[in-house]
Amino acid sequence: MKSQATMICCLMLFLATECSHYRFKIHTKDEDKLQHPEGKPKTGRIQEKCHGPCITSSNCSQPCARHFHGEIGFTCNQNKWQKTTETCTSLSVEILFKDLNSASRLSIAAPSIPLHILDFRAPEPVESVAQGIRKKCPLDYACITDAVKSAEATAGNIAFIVELLKNISTDLSDNVTQEKMKSYSEVANHILDTATISNWAFIPDKNASSDLLQSVNLFARQLHISNESENIVDELFIQTKGFHINHNTSEKSFRFSRNVNNATEDILGMLEIPKHELWKLPPNASQAVSIAFPTLGAILKEADLQNESLLRPVNGLVLSVILPERLQQILLTFEKINKSRNARAQCVGWHSSKRRWDGNVCKTTLDITNKVKCQCNYNNVVMSFSILMSPKSIDDRILKYITCIGLSVSILSLILCLLIEAMVWSRVVVTEISYMRHVCIVNIAVSLLTANVWFIVASNFNRKAQDHKWCVAMTFFSHFFYLSLFFWMLFKALLIIYGILVVFRRMMKSCMMAIGFAIGYGCPLIIAVITVAITVPEKGYVRRDACWLNWDNTKALLAFAIPALVIVAVNLLVVLVVAVNTQRPSIGSSKSQDVAIIMRISKNVAILTPLLGLTWGFGIATLVDSTSLISHIIFALLNAFQGFFILLFGTIMDHKIRDALRMKMSSLKGPSRAAENASLSPTNGSKLMNR
């Protein structure tokens, strides 16, 4: 009876303790709700400015909001206080394990409780994360996830969580199971959320982001894959895959797909282990693990970056890989986040010791508009890889200025060319060949002028704000008129061959006109219409970022590139035929005659090169070496100013046109001079006097 009374008293004491603890928690939660009605505290509560005079380069600090420890640092810049650092944290080792202290207390629902089980001593304080995890949740680390995920991701809390993950990787990575990896990744996922990216900038320790990457890689290195399941972690901002491999394994690859910056489509990343690398493995099974980070690229800060203006933003997923030491080479494919035409990519690996991207460990094997392929060397220091977008440099501005100035000069030159042709037309079209020659020049000028105008309109067209159909229409007309330019150049080359080879039999003018317009406008129209009909239903006619022929999905650009390059090759042969035909040395010719022949050949080649579109052949050099600035500048100069070259070599340097212009100008001056002479004659003077 006495023992029962003692047990009842103990139960009453335990119940009273739990009730008071419960009331305290309710009171705290109600207080938080009154202060922050939205429940989870937001960063907006934190004081965002200092009070007092703002003197340039002066500093000040403000305390954090209630329930937070630390301070916020501000610097005066341009007469405004700007936040520079923040150490506000609501997390601590005690808070991580505080809610678990009552977990060992006994439930009042037990039918009977022996007295020796009841323990009224205060719980032992947890001095470190490793000690707390070993006591509370050694199997899966799940005891810390709720406290971390419920904490606001301030800069101070982010720094605390990074240190937490670093300690776990150092002290608790002896036997990493898939359950531990999932809990570990849940904690990391909380501070990799897109909503937290801006807060990383205020962490005083600028190495926090690289510490996070190194900690995750170190922890994953100790992971033991227990089954054949490939997917291990599938969080929004961190994804882990792994499988067993050996020397008999066929070529293996990891494929990741994750959303970046709230885009409409996921960004892809793939990591491949070549077969020749797998042959290096021993017969017994090894394992390969890969981790994808969609947002880490925006957080990683390179150490000792001298010039912030040359900051190279990450333009794809960050992929980490943990492989057996014998494997050294991997193949990676990254989809670009920024698919701009000017966004050239560089394959890189993260050097964990130098804390910066290293371009020497990777080689770019393919760089197109939407994706990049890399061949990289893997080692214990470089385990994470990505692609960097080249910084905006003077190179792009040079090409932009050349294009803008060249197109302006080209358009004015083509208009002037057409005006001159209209003025001298009746004087220069004497024979069938000369008539068709000038018909070719006029249509070449019209096609290039119209194509340049459509190019300018399409370049300034904002696809996001306008209808897709308008972009398709502008691309069609640009494609059609650029093809017309090349096909009229082809017809001009055929006319030259016709004039050289056929001497006695001449074709009728009407027949030549029909053939010319069939080649000059008929062939381009057929190619352009077929291209639209095939690619528009698949929405693969135009590019995502520009109103021009698509390359990545449907290869529609080949409908322009193949005809253009074939015509350039044919026209080059025509120029060679002209050069050979011009060189007709006579017996016993002198050195001066040889020099004259060379000069004549050079002049013919110089005249025919822009008229037959041979300058477009320099585009092959830009395809062979896309990073060469010189080849891009030469290509831009020759083709942006093509209208000026047509005016110079096709019109001004033609002596017949110059003679016709001279006669036209003299005929215009003739009547004015006759009228002037008539007004000053004696007869007119006497008449004026008589009046």
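It should be emphasised that the depicted structure is a prediction, and the values quoted were computed from it without experimental measurement.

Asker: Pulling in residues and values, what's your account of unusual backbone geometry?
Answerer: Of note in the backbone geometry, His-67 takes a positive phi value of approximately 75° without being a glycine. Among the secondary structure elements, His-67 is positioned in the loop between β1 (59–63) and β2 (71–77). Since its relative accessible area comes to 40%, His-67 is described here as partly exposed. In this structure, Arg-355 takes a positive phi of about 55° despite not being glycine.

Asker: Account for helix α11 (residues 468–501), with residues named and values stated.
Answerer: Taking 1.5 Å as the rise per residue, α11 with 34 residues should run 50 Å; its terminal C-alpha atoms sit 49 Å apart, in good agreement. Among the 34 residues of α11, 24 are classified as buried, and the element is accordingly described as predominantly covered.

Asker: Could you give an account of the nonpolar core, naming the residues involved and the relevant values?
Answerer: Core analysis: the biggest nonpolar cluster contains 59 residues, and Ile-133, Ile-168, Trp-200, Leu-212, Phe-293 and Leu-296 have the highest contact counts within it. Take this core: its biggest share by element is eight residues, from helix α5 (residues 155–171). When neighbours within four sequence positions are excluded, Trp-200 is seen to be in contact with Ile-158, Val-162, Ile-191, Ala-208, Ser-209, Leu-212 and Ile-299. Formed by 56 residues, the second largest nonpolar core is a distinct cluster that contains Met-436, Ile-441, Leu-448 and Cys-471.

Asker: I'd like to hear about the state of the cysteines, residue by residue, with values.
Answerer: Applying the stated rule across the entire model yields six disulfides. In this model Cys-471 forms its disulfide with Cys-547; the gap between the sulfur atoms is 2.2 Å. The sign of the S-S torsion, about -130°, decides the handedness of the disulfide formed by Cys-471 and Cys-547: left-handed. In this pair, Cys-471 sits in helix α11 while Cys-547 sits in the loop between α12 (509–535) and α13 (558–582), placing the two residues 76 residues apart along the sequence. Pair check on accessibility: Cys-471 and Cys-547 agree, each one buried.

Asker: Give me the lowdown on the sheet that holds strand β3 (residues 80–86), citing residues and values where you can.
Answerer: Strand order across the open sheet formed by three strands is β1-β2-β3, with antiparallel pairing between neighbours. Every interior strand has two partners, whereas the edge strands, β1 and β3, have only one. Strand-to-strand twist across the sheet, computed as the mean angle between neighbouring axes with direction ignored, equals 35°. By the bridge criterion, six bridges tie β2 to β3 in an arrangement that is antiparallel. If you follow Thr-75 over to β3, its bridge partner there is Gln-82.

The rules behind each value
- Residues numbered from 1 in each chain as written.
- Predicted model: local features only at pLDDT ≥ 70, side-chain atom pairs only at ≥ 80, totals over all residues.
- Heavy atoms only, no water.
- Helix = DSSP H or I, 4+ residues; strand = E, 2+ residues; numbered from the N terminus.
- Buried < 20%, exposed > 50% of the residue type's maximum accessible area, 1.4 Å probe, protein only.
- Expected span 1.5 Å × (residues − 1).
- Core = buried A, V, L, I, M, F, W, Y, C linked by side-chain atoms within 4.5 Å.
- Contact = heavy atoms within 4.5 Å.
- Disulfide = S-S within 2.5 Å.
- Pairing = 2+ DSSP bridges.
- Axes fitted to C-alpha atoms, helices over the stretch in contact; angles between N-to-C directions.

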